[in-house]
Amino acid sequence: MAIHKVAVFEPYPFEIGQKIRIDGGRRAGDWEVVGVGEHKIKLKCPISHREFEWDRFCYLVEEREDEWPQKE
């Protein structure tokens, strides 16, 4: 068998109350995790306070100390 460079992704284990930032895509921005299910995640915008439930989709790139929510 040939050896190849392979990118491996794992679903992130979200926790209620967690502050997250999504870079890129239609969900880009700062969010608070307000619900976690086996297949869905519910996120709340810290600015508009609107909540959205989506299929789980995020993967961890890095964790760092940073301002949240970001001011543009």
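Residues numbered from 1 in each chain as written. Predicted model: local features only at pLDDT ≥ 70, side-chain atom pairs only at ≥ 80, totals over all residues. Heavy atoms only, no water.

(A) Examining the overall build of the protein more closely. A count of helical and extended segments in the protein gives zero helices and four strands. Reading the helices (α) and strands (β) of the protein from amino to carboxyl end gives β-β-β-β. Computed over its C-alpha atoms, the radius of gyration of the protein comes to 14 Å, more than 25% above the 11 Å expected for a compact globule of 72 residues. Once the C-alpha set of the protein is aligned to its principal axes, its extents read approximately 50 × 30 × 20 Å. Here the protein, with 72 residues, has 21% of them falling under the buried criterion. Sequence-distant contacts in the protein: of pairs separated by 6 or more residues, those separated by 24 or more amount to 29%. If you sum the accessible surface of the protein, you get close to 6,300 Å²; carbon and sulfur atoms cover 50% of it. (Helix = DSSP H or I, 4+ residues; strand = E, 2+ residues; numbered from the N terminus. Rg over C-alpha atoms; globule rule 2.2 N^0.38 Å. Buried < 20%, exposed > 50% of the residue type's maximum accessible area, 1.4 Å probe, protein only. Contact = heavy atoms within 4.5 Å. Areas by Shrake-Rupley, 256 points an atom, 1.4 Å probe, with all protein chains shown as cover.)

(B) Structural view of the sheet that holds strand β4 (residues 51-55). Across the sheet, which stays open at both edges, the four strands sit in the order β1-β2-β3-β4 with antiparallel pairing between neighbours. Single-partner strands in this sheet number two, and they are β1 (19-22) and β4. Averaged over all neighbouring strand pairs, the angle between strand axes comes to 40°, with direction disregarded. As paired elements, strand β3 (residues 40-44) and β4 share five bridges and run antiparallel to each other. Pairing of Lys42 across the sheet is with Glu53, part of β4. (Pairing = 2+ DSSP bridges. Axes fitted to C-alpha atoms, helices over the stretch in contact; angles between N-to-C directions.)

(C) Inspection of the layout of surface pockets at higher detail. Reported here for the largest pocket is a volume of approximately 710 Å³. Around the largest pocket sit 20 residues that line it, and Ile20, Arg21, Ile22, Leu60 and Glu62 are the ones nearest its centre. Split by residue class, the lining of the largest pocket holds ten nonpolar, one polar and nine charged. (1 Å grid on protein atoms, 1.4 Å probe; cavity = no way out; pocket = protein on both sides within 12 Å on 5 of 7 lines; lining within 4 Å. Points joined across faces, edges and corners; volume = space filled by probe spheres on them. Nonpolar A, V, L, I, M, F, W, Y, C, P; charged D, E, K, R; others polar.)

(D) Structural view of the environment of Val33. Tracing the backbone through its elements, the reader meets Val33 in strand β2 (residues 29-36). Between the C-alpha atom of Val33 and that of Arg50, which follows or precedes it by 17 residues, the distance is 12 Å. Setting aside chain neighbours within four positions, we find Val33 in contact with Phe14, Glu15, Ile16, Gly17, Gln18, Ile20, Ile41, Lys42 and Leu43.

(E) Quick look at the side chain of Arg27. Tracing the backbone shows Arg27 in the loop between β1 and β2. With no salt bridge to any partner, buried Arg27 finds its closest opposite charge in Asp55, at an N-O distance of 6.8 Å. (Lys, Arg positive; Asp, Glu negative; His and termini not counted. Salt bridge = Lys/Arg side-chain N within 4 Å of Asp/Glu carboxyl O.)

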